[in-house]
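# Structural description and commentary
The chain contents come next:
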Amino acid sequence: QVQLVESGGGVVQPGGSLRLSCAASGSIFSINAMGWYRQGPGKERELVAVITTGGGTNYVLSVKGRFTISRDNAKNTVYLQMNSLKPEDTAVYYCNADISARPRPNTWVRYWGQGTQVTVSS
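Residues numbered from 1 in each chain as written. Predicted model: local features only at pLDDT ≥ 70, side-chain atom pairs only at ≥ 80, totals over all residues. Heavy atoms only, no water.

This next bit is on the packing of aromatic side chains. Summed over the entire model, instances satisfying the criterion amount to one aromatic pair. When the ring centre of Tyr94 is taken as reference, the NZ or CZ atom of Arg45 above it lies at 3.9 Å. Sitting above the plane of the Trp112 ring, Arg45 keeps its charged end 5.3 Å from the centroid. (Phe/Tyr/Trp six-rings, centres within 6.5 Å; stacked < 30°, edge-to-face > 60°. Lys NZ or Arg CZ within 6 Å of the ring centre and 35° of its normal.)

Shown next, in the form of structure tokens:
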């Protein structure tokens, strides 16, 4: 019914850039906050960035100044622009969003994408 589809992952050299996108589809009534998490090999999953419906953002310290999260509410899409990538950014990146959907618009569910691999390597 509701699905998050991620794209944009890949392999880049240190210092390179990638843009991740995550589009929500289905019988969506409303989307609240949207965000990106990541989990590197042998590491815990961490919140990378979050964006509110009004456009307020927050980032994990390690990506501040390099990553930018944005959203297009008309397209039900959240983006993560990643610049100046470092090897330590290598991880599976997961999109998530709190979504209410028809026919129960007052029921909020946190949806997750399947993840997209980002590899930063020489």
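Moving on from the model shown.
Below, the discussion takes up the state of the cysteines. Across all of its chains, the model carries one disulfide by this definition. Between the sulfur atoms of Cys22 and its disulfide partner Cys95 the distance amounts to 2.1 Å. Its S-S torsion of about -80° marks the bond between Cys22 and Cys95 as left-handed, since a negative value means left-handed. Taken as a pair, Cys22 in strand E3 (residues 18–26) and Cys95 in strand E9 (residues 91–101) lie far apart in primary sequence, 73 residues in all. Note on accessibility: Cys22 and Cys95 belong to one class, buried. (Disulfide = S-S within 2.5 Å. Helix = DSSP H or I, 4+ residues; strand = E, 2+ residues; numbered from the N terminus. Buried < 20%, exposed > 50% of the residue type's maximum accessible area, 1.4 Å probe, protein only.)

The subject of this paragraph is the sheet that holds strand E8 (residues 77–82). Pairing within the open sheet is antiparallel, and its four strands lie in the order E1-E3-E8-E7. If you trace the sheet from one side to the other, it starts and ends with strand E1 (2–7) and strand E7 (67–72), each paired once. Taking the axes of each pair of neighbouring strands and ignoring which way they run, one obtains an average angle of 15° across the sheet. Here E1 pairs with E3 via six bridges, running antiparallel. Directly across from Glu6, in E3, lies its bridge partner Cys22. (Pairing = 2+ DSSP bridges. Axes fitted to C-alpha atoms, helices over the stretch in contact; angles between N-to-C directions.)

If the charged atoms of two oppositely charged side chains come close together, the side chains can form a pair. Counted by the stated rule, this structure contains four salt bridges. A salt bridge links Asp89 to Arg66; its shortest N-O distance comes to 2.7 Å. Separated by 23 residues along the polypeptide, Asp89 in the loop between E8 and E9 and Arg66 in the loop between strand E6 (57–59) and E7 bring together distant segments of the chain. There is no split in this pair, since Asp89 and Arg66 are both buried. Ionic pairing is found between Asp98 and Arg110, a salt bridge with its closest N-O pair at 2.8 Å. Separated by twelve residues along the polypeptide, Asp98 in strand E9 and Arg110 in strand E10 (residues 104–112) bring together distant segments of the chain. On the basis of relative accessible area, Asp98 is assigned to the buried category, the value being 17%. For Arg110, a relative accessible area of 46% translates into the label partly exposed. Via salt bridges that share partners, Arg38, Glu46, Arg66 and Asp89 belong to a single interconnected network. (Salt bridge = Lys/Arg side-chain N within 4 Å of Asp/Glu carboxyl O.)

The quantities given are spatial measurements derived from coordinates; they are silent on function.
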